[in-house]
Amino acid sequence: MEKKKAGFSCPVANKCGGCRYTDTPYPEQLKIKQKRVEGLIKEFGKVNSIIGMEEPAHYRNKVHAVFDFQKGRGIVSGIYQEKSHKVVPVEGCLLENEKAGDIILSVRRLAKSFKIKAYDEDNGYGLLRHVLVRVGHATGEIMVVLVLGSPILPSKKSFVNELCKLHPEITTILINVNNKRTSMVLGEKEQVIYGKGYIEDVLCGKRFKISAKSFYQVNPVQTETLYKKAAQYAGLTGKETVVDAYCGIGTIALTVAGQAGKVIGVELNREAVRDAVANAKNNRIKQVDFYQNDAGRFLTQMAEAGEKVDVVFMDPPRSGSTKEFLNALIRISPKRVVYISCEPETLARDLKYLTANSAWRMEEATPVDMFPFTEGIEVVCALSRRKGKKAN
Ligand code: SAH
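Keep in mind that what you see is a predicted model, and the values were worked out from it rather than measured. (Residues numbered from 1 in each chain as written. Predicted model: local features only at pLDDT ≥ 70, side-chain atom pairs only at ≥ 80, totals over all residues. Heavy atoms only, no water.)

### Section: the pattern of salt bridges
Argument step 1. For the structure shown, the criterion picks out 18 salt bridges.
Argument step 2. The partner of D310 in a salt bridge is K335, and the shortest N-O contact between them spans 2.7 Å. Taken as a pair, D310 in the loop between α8 (295-304) and β14 (311-314) and K335 in the loop between α9 (323-332) and β15 (336-341) lie far apart in primary sequence, 25 residues in all.
Argument step 3. Relative accessible area serves as the criterion here: at 53%, K335 is assigned to the exposed category.
Argument step 4. A salt bridge links D350 to R349, with the shortest nitrogen-to-oxygen separation between them at 3.1 Å.
Argument step 5. D350 gets classed as buried once you look at its relative accessible area, which sits at 4%. (Salt bridge = Lys/Arg side-chain N within 4 Å of Asp/Glu carboxyl O. Helix = DSSP H or I, 4+ residues; strand = E, 2+ residues; numbered from the N terminus. Buried < 20%, exposed > 50% of the residue type's maximum accessible area, 1.4 Å probe, protein only.)

What follows is the structure, encoded as structure tokens:
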């Protein structure tokens, strides 16, 4: 990829839709994001300066490509053109881990030489649909998921041998079967064809098991920065009862466990909860329990049972939290809340609801640039109750 002094240039920038700022110098991108966050949440409290990356390119540890057959070109791999199902061939990407990008190109070449056909979304013919590569930033472990329209990969053994010969850093390969007409990449069924079926990564000194379907932050360097800020906002002293809501594979719960009395994690995705439980065991952390449930329902049950909670971390998906969750939060009335958001619009909506319906206030917020070159922004907020007031 050609690197310009100020920004970067990408040959598919106008078609892809993944990046917004390929030609915008990085300091400028940070200014735009800072302004956007301030515009949305400054009315609730102080917004600190955004924390950017020193080396903003190739941060993504999870890389995906879709396959297609194109006349004159044969099998291609790339991304969907923005707002369409047309596939734009990609040879390299500014965001993606470079090894993962190389592996995708090798899968494409091998598919050609093994005469494996790309899956056709319109008629359901063909086999190879997507490839997903996950890289453990600290461990170097690499998972390759071949998403197929049907379960049988012809010459499976030789395909695996060839791929591993080209990329000995691959530690596991899976087949995932997705035969549905859906924009979701992964289907239900999974078969491990090489290695242990998952990768591990190290974050804030703890080791995490990551399955194909579990959520794991895509920018490991900035995740550590984000979690450190979140832990600082929580102000734990070693005694507190902590809830980690929307906990994924338990990364926040397990990294703060050493500074808390007890941690309770809640997460909807079954596989992620399974990973979280394994992660607690592997890191020999005892004072953490994980529950598979809707975070709103779970917190409401805790409120009804009169459970005492000192600190709540909440890290909902882009859609934000729910009134059910926020109402339960108000009832439980912890000492502190740390809200981590990957979508400032829904963060602003939830802050508005909280401040209008309770004594909770945003003390300060710090944007963290987890997604350079794209419009994405992560924000971590410290919330507390107004002095002398109960929550409601
Ligand atoms: N804190 C984790 C995960 C954050 S992403 C981390 O930093 O890695 C948001 C998580 O919320 C995802 O794992 C998703 O599966 C989960 N989730 C989505 N809706 C949920 C709900 N209603 N209740 C609980 N968890 C939910």
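### What to know about the site of the ligand
Argument step 1. Within the structure, the ligand sits among 16 residues, and Q217, Y227, E267, D294 and D315 are positioned closest to it.
Argument step 2. One of the side-chain nitrogen or oxygen atoms of Q217 is found 2.8 Å away from an oxygen atom of the ligand.
Argument step 3. A distance of 3.2 Å separates a nitrogen atom of the ligand from a polar backbone atom of L268.
Argument step 4. Here the ligand loses 87% of its free accessible area of 570 Å² to cover by the protein chains. (Near = heavy atom within 4 Å. Polar contact = N/O pair within 3.5 Å; in protein donor to acceptor, adjacent residues only side chain to side chain. Areas by Shrake-Rupley, 256 points an atom, 1.4 Å probe, with all protein chains shown as cover.)

### A word on helix α10 (residues 344-357)
Argument step 1. Look at α10: 20 Å from first C-alpha to last across 14 residues, which is about the 20 Å you get at 1.5 Å a residue.
Argument step 2. Within α10 the residues assigned to the buried category are P344, T346, L347, A348, D350, L351, Y353 and L354.
Argument step 3. Taken together, the buried residues of α10 touch α2 (26-41), α9, β15, β16 (360-368) and β17 (378-385). (Expected span 1.5 Å × (residues − 1). Contact = heavy atoms within 4.5 Å.)

### Notes on unusual backbone geometry
Among all residues save glycine, negative phi is the norm, and among peptide bonds the norm is trans.
Argument step 1. A positive phi angle, close to 55°, is found at S333, a residue other than glycine.
Argument step 2. On the secondary structure map, S333 appears in the loop between α9 and β15.
Argument step 3. Given a relative accessible area of 14%, S333 falls into the buried group.
Argument step 4. Positive phi, close to 75°, is recorded for F373, a residue that is not glycine.

### A short note on the sheet that holds strand β2 (residues 62-70)
Argument step 1. The strand order across the open sheet formed by seven strands is β4-β3-β2-β5-β6-β7-β8, and the pairing between neighbours is mixed. One side of each edge strand has no neighbouring strand; the edge strands of this open sheet are β4 (87-89) and β8 (189-194). With direction set aside, neighbouring strand axes in the sheet form an average angle of 35°.
Argument step 2. Across seven bridges, the pairing between strand β5 (residues 128-135) and strand β6 (residues 142-148) is antiparallel. Among the inter-strand pairings, L132 is bridged to a residue of β6, identified as V145.
Argument step 3. Each of β2, β3 (74-80), β5, β6 and β7 (170-177) is contacted by helix α3 (residues 98-113), which is oriented at about 150° to β5, the strand it contacts most. (Pairing = 2+ DSSP bridges. Axes fitted to C-alpha atoms, helices over the stretch in contact; angles between N-to-C directions.)

### A word on the packing of aromatic side chains
Argument step 1. Throughout the structure, instances matching the rule amount to four aromatic pairs.
Argument step 2. Where F114 meets F159, the ring centres are 5.3 Å apart and the plane angle is 70°; that geometry is what we call edge-to-face. Of the two residues, F114 is situated in the loop between α3 and β5 and F159 in helix α4 (residues 156-166); the sequence distance between them amounts to 45 residues.
Argument step 3. Taken together, a centroid distance of 5.4 Å and an interplanar angle of 45° make the contact between Y246 and F325 tilted. Here the residue Y246 occupies a position in the loop between β11 (241-245) and α6 (251-256), and F325 occupies one in helix α9, the gap between them amounting to 79 residues. With respect to burial, Y246 and F325 carry one shared label: buried.
Argument step 4. Taking NZ or CZ as reference, K209 lies 4.7 Å from the ring centre of Y198, over its face. (Phe/Tyr/Trp six-rings, centres within 6.5 Å; stacked < 30°, edge-to-face > 60°. Lys NZ or Arg CZ within 6 Å of the ring centre and 35° of its normal.)

### Points about the domain arrangement of the protein chain
Argument step 1. Entries for the protein chain in the domain assignment read domain 1 (13-55 + 219-385) and domain 2 (62-203).
Argument step 2. Relative placement of domain 1 and domain 2: their C-alpha centres are 31 Å apart.
Argument step 3. Facing the 16 residues of domain 1 at the interface are 11 residues of domain 2.
Argument step 4. Across the domain 1/domain 2 interface, buried area totals approximately 1100 Å², and carbon plus sulfur atoms make up 72% of it. (Domains from an automatic or database assignment. Buried area = accessible area lost by both parts, 1.4 Å probe.)

### A closer look at the pairing of strand β13 (residues 288-292)
Argument step 1. With five bridges joining them, strand β12 (residues 262-267) and β13 adopt parallel strand pairing. Bridge pairing in β13 links E267 to Q292.

### Some points on the nonpolar core
Argument step 1. Formed by 92 residues in total, the largest nonpolar core has its most connected members in I41, F290, F313, M314, F325, L329 and M362.
Argument step 2. Residue contributions to this core reach at least three from each of two domains, namely domain 1 (13-55 + 219-385) and domain 2 (62-203).
Argument step 3. In this view, I41 contacts V47, P344, L347, A348, L351, M362, A365 and V379; residues no more than four positions away in its chain are not counted.
Argument step 4. Counting 31 residues, the second-largest nonpolar core is a separate cluster that includes A65, I75, V144 and V160. (Core = buried A, V, L, I, M, F, W, Y, C linked by side-chain atoms within 4.5 Å.)

### Some remarks on the environment of K33
Argument step 1. Secondary-structure assignment places K33 in helix α2.
Argument step 2. The exposure class of K33 is buried, given its relative accessible area of 2%.
Argument step 3. Along the primary structure K33 and E271 are separated by 238 residues, whereas in three dimensions their C-alpha atoms are 33 Å apart.
Argument step 4. Contact partners of K33, with chain neighbours within four places excluded, come to Y21, I50, D369, F371, P372, T374, E375, G376 and I377.
Argument step 5. Engagement of the side chain of K33 in a polar contact is seen with the side chain of D369, the distance being 2.8 Å.

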